[in-house]
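These are the residues of each chain, in order.
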Amino acid sequence: MSGNLCKFGIAAALVLLPASIASAQEAPDADQTAALCHGGGSICVSAKIPAVRATTQAVQSWMSPDVGAAWAAGYKGKGVTITIVDDFSSSSRFSGNFGLGVQTQRHGEWTREEASMIAPAATIRSKDFSTSSAVPLARGLNVLNLSYGMYTTAGYSVNQIWWAPEESSIISYATKGSAIVSKAAGNDSVAVGGVTGGQQDYLDLALIGKPTAIFVGALSTNGTTSSKAALAWYSNYAGSDPTVQSHFLVVGVEGDKTGLYGTSFAAPIISGYAAIIGSKFTKATPVQITNDLLNTARTDTLVNYDPSVYGKGEASLSRALAPVAIH
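Since the structure is predicted, the reported quantities are computational estimates derived from the model, not experimental observations.

What counts and how
- Residues numbered from 1 in each chain as written.
- Predicted model: local features only at pLDDT ≥ 70, side-chain atom pairs only at ≥ 80, totals over all residues.
- Heavy atoms only, no water.
- Helix = DSSP H or I, 4+ residues; strand = E, 2+ residues; numbered from the N terminus.
- Buried < 20%, exposed > 50% of the residue type's maximum accessible area, 1.4 Å probe, protein only.
- Contact = heavy atoms within 4.5 Å.
- Core = buried A, V, L, I, M, F, W, Y, C linked by side-chain atoms within 4.5 Å.
- Pairing = 2+ DSSP bridges.
- Expected span 1.5 Å × (residues − 1).
- Axes fitted to C-alpha atoms, helices over the stretch in contact; angles between N-to-C directions.
- Left-handed = near helix turned anticlockwise from the far one by under 90°.
- Nonpolar A, V, L, I, M, F, W, Y, C, P; charged D, E, K, R; others polar.
- Phe/Tyr/Trp six-rings, centres within 6.5 Å; stacked < 30°, edge-to-face > 60°.
- pLDDT = per-residue confidence, 0-100.

### Re the overall build of the chain
And then number 1: Helix and strand counts for the chain stand at 11 helices and 15 strands.
And then number 2: Here the chain holds 327 residues, and 56% of them are scored as buried.
And then number 3: Sequence-distant contacts in the chain: of pairs separated by 6 or more residues, those separated by 24 or more amount to 77%.

### Here we look at the nonpolar core
And then number 1: Ranked by internal contacts, the top residues of the largest apolar core, which has 50 residues, are Ile82, Ile270 and Tyr273.
And then number 2: Sorting elements by how many residues they give to this core places helix α8 (residues 267-280) first, with 7 residues.
And then number 3: Discounting residues that sit within four places of it in the chain, isoleucine 82 has contacts with Ala115, Ala119, Ala122, Thr123, Ile124, Arg125, Val143, Ser271, Gly272 and Ala275.

### Some details on the pairing of strand β8 (residues 141-146)
And then number 1: Taken across its 6 residues, β8 has 6 buried, putting it largely inside the fold.
And then number 2: Here β8 shows two buried faces, one formed by Leu141, Val143 and Asn145 and the other by Asn142, Leu144 and Leu146.
And then number 3: Pairing geometry for strand β4 (residues 80-86) and β8, over 6 bridges, is parallel. Paired with isoleucine 84 across the two strands is asparagine 145, which belongs to β8.
And then number 4: Across 4 bridges, the pairing between β8 and strand β10 (residues 180-184) is parallel. Pairing of valine 143 across the sheet is with isoleucine 180, part of β10.

### Regarding α8
And then number 1: In this model α8 runs 21 Å from its N-terminal to its C-terminal C-alpha over 14 residues, within 8% of the 20 Å that 1.5 Å per residue would give.
And then number 2: In terms of burial, α8 is largely enclosed, as 13 of its 14 residues are buried.

### Some words on the sheet that holds strand β15 (residues 313-314)
In a beta sheet, neighbouring strands pair by backbone hydrogen bonds and run either parallel or antiparallel.
And then number 1: As summarised here, the arrangement of the 7 strands in space is β7-β4-β8-β10-β12-β13-β15, forming an open sheet in which the pairing is parallel. Every interior strand has two partners, whereas the edge strands, β7 (123-128) and β15, have only one.
And then number 2: Each of β4, β7 and β8 is contacted by helix α3 (residues 107-118), which is oriented at about 160° to β4, the strand it contacts most.

### Observations regarding the packing of α3 against α8
And then number 1: Between α3 and α8, whose axes approach to 8 Å, the crossing angle comes to 35°. Remark: the crossing between α3 and α8 carries right-handed chirality. Residues Thr111, Glu114, Ala115 and Ile118 of α3 pack against Pro268, Ile269, Gly272, Tyr273 and Ile276 of α8.

### Quick look at α3
And then number 1: Between its first and last C-alpha, α3 extends 17 Å over 12 residues, near the 16 Å set by a 1.5 Å rise per residue.
And then number 2: With 12 of 12 residues buried, α3 is to be regarded as a mostly interior element.
And then number 3: Those residues of α3 that sit buried are His107, Gly108, Glu109, Trp110, Thr111, Arg112, Glu113, Glu114, Ala115, Ser116, Met117 and Ile118.

### Comments concerning the pairing of β4
And then number 1: For β4, the tally of buried residues reaches 7 of 7 residues, placing the bulk of the element in the interior.
And then number 2: With burial as the criterion, each face of β4 is covered, one bearing Val80, Ile82, Ile84 and Asp86 and the other bearing Thr81, Thr83 and Val85.
And then number 3: When β4 meets β7, the two strands line up parallel, connected through 6 bridges. Residue pairing in the sheet places threonine 81 in a bridge with threonine 123 of β7.

### As for the packing of α8 against helix α9 (residues 286-295)
And then number 1: Where α8 meets α9, the axes come as close as 10 Å, and the angle between the chain directions of the two elements is 115°. Note on packing geometry: the crossing formed by α8 with α9 is right-handed. Across from Ile270, Tyr273, Ala274, Ile277 and Gly278 in α8, the residues of α9 making contact are Ile289, Asp292 and Leu293.
And then number 2: Its residues assigned to classes, the contact of α8 with α9 comprises 6 nonpolar, 1 polar and 1 charged.

### With respect to the environment of glycine 255
And then number 1: Mapped onto the elements, glycine 255 comes out in helix α7 (residues 255-258).
And then number 2: The class of glycine 255 is buried, set by a relative accessible area of 3%.
And then number 3: Considering only alpha carbons, one finds glycine 255 and phenylalanine 98, 157 residues apart in sequence, at a separation of 9.7 Å.

### A short note on the packing of aromatic side chains
And then number 1: Scanning all chains against the criterion turns up 7 aromatic pairs.
And then number 2: Taking the centre distance of 5.4 Å and the plane angle of 80° together, the rings of phenylalanine 98 and tryptophan 110 count as edge-to-face. You can see phenylalanine 98 sitting in the loop between β5 (94-96) and β6 (103-105) and its partner tryptophan 110 sitting in helix α3, a full 12 residues away along the chain.
And then number 3: Overall, the relative accessible area of 1% leaves phenylalanine 98 in the buried class.
And then number 4: With centroids separated by 6.4 Å and ring planes inclined at 75°, the aromatic side chains of phenylalanine 98 and phenylalanine 265 adopt a geometry described as edge-to-face. Linking phenylalanine 98 in the loop between β5 and β6 with phenylalanine 265 in the loop between β14 (260-262) and α8, this pair joins segments that are 167 residues apart in sequence.
And then number 5: Ring pairs connect the aromatic residues Trp62, Phe98, Trp110 and Phe265, which therefore count as one cluster.

### Examining the confidence of the model for the chain
And then number 1: Averaged over every residue, the pLDDT of the chain is 86; the share at 70 or more is 83%.
And then number 2: Below a pLDDT of 50 lies the segment residues 22-56, which in the model reaches 87 contacts outside its immediate sequence neighbourhood of four places, other chains included.

Structure, rendered in structure tokens:
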């Protein structure tokens, strides 16, 4: 299966690619992965997720123990809206298991399910990424999950790009601090914004330096002080740019338990964490919650911590929730 969706153009067409890389049951090749971008119109705005959700409030083995502690304290994302911008209409599906039994779903259905399992009281919206319409915000705190990238030939500057209303709205929200944007770092083992195969992810480049944009890399496991975690072999890393380092977090993506690998499944964890934090600090702004996540990250749970690899470090939900208030 081959072919890519060209969302818009500059001198060359930009191509939309999801950021996940594999499923234990079905590992797509590069062309199959690229084909996940095909699809019809937007199917968004339903906050309802497919039935079997009664079990989603059980802490799963792939989650950090901090999630269960947050739930026990009463923080599950209530009052926060997470919008998943992803594939909800293509014919491409792959299999995995988040602890609810083996399922075969579209890329967006997987990322949506993961975010909803981390923050079960949050309102979940879906926005099909094959459309070009702007992403609407809900009342209250908004979190946008981007488990995809926008690629074309390396060497353009961001201001040469004609963004469709979809990405233009996302970039604007991250610039103005209107919504928290959790962006999968990518799976090319390069620095965020780096060149791979002669191409760059221009959505990464456009979000660098934006106050509420967080780049999310994948660890091969959740880290502890006694069993430190390392960056997953496929994950992009922070790189030498201090601006990227200051907005880069890592979380465990335990694909050996779920059959799902890739930074696509790191970003929804941060989206869920942001919603949980927002359900405690109900008056906090997106900028304040972003900074809380970044400034409370751990470095003592990581193998050979280096900011050029891990950025701010491993996200720590317990530390982010610890203050009485955030400013």
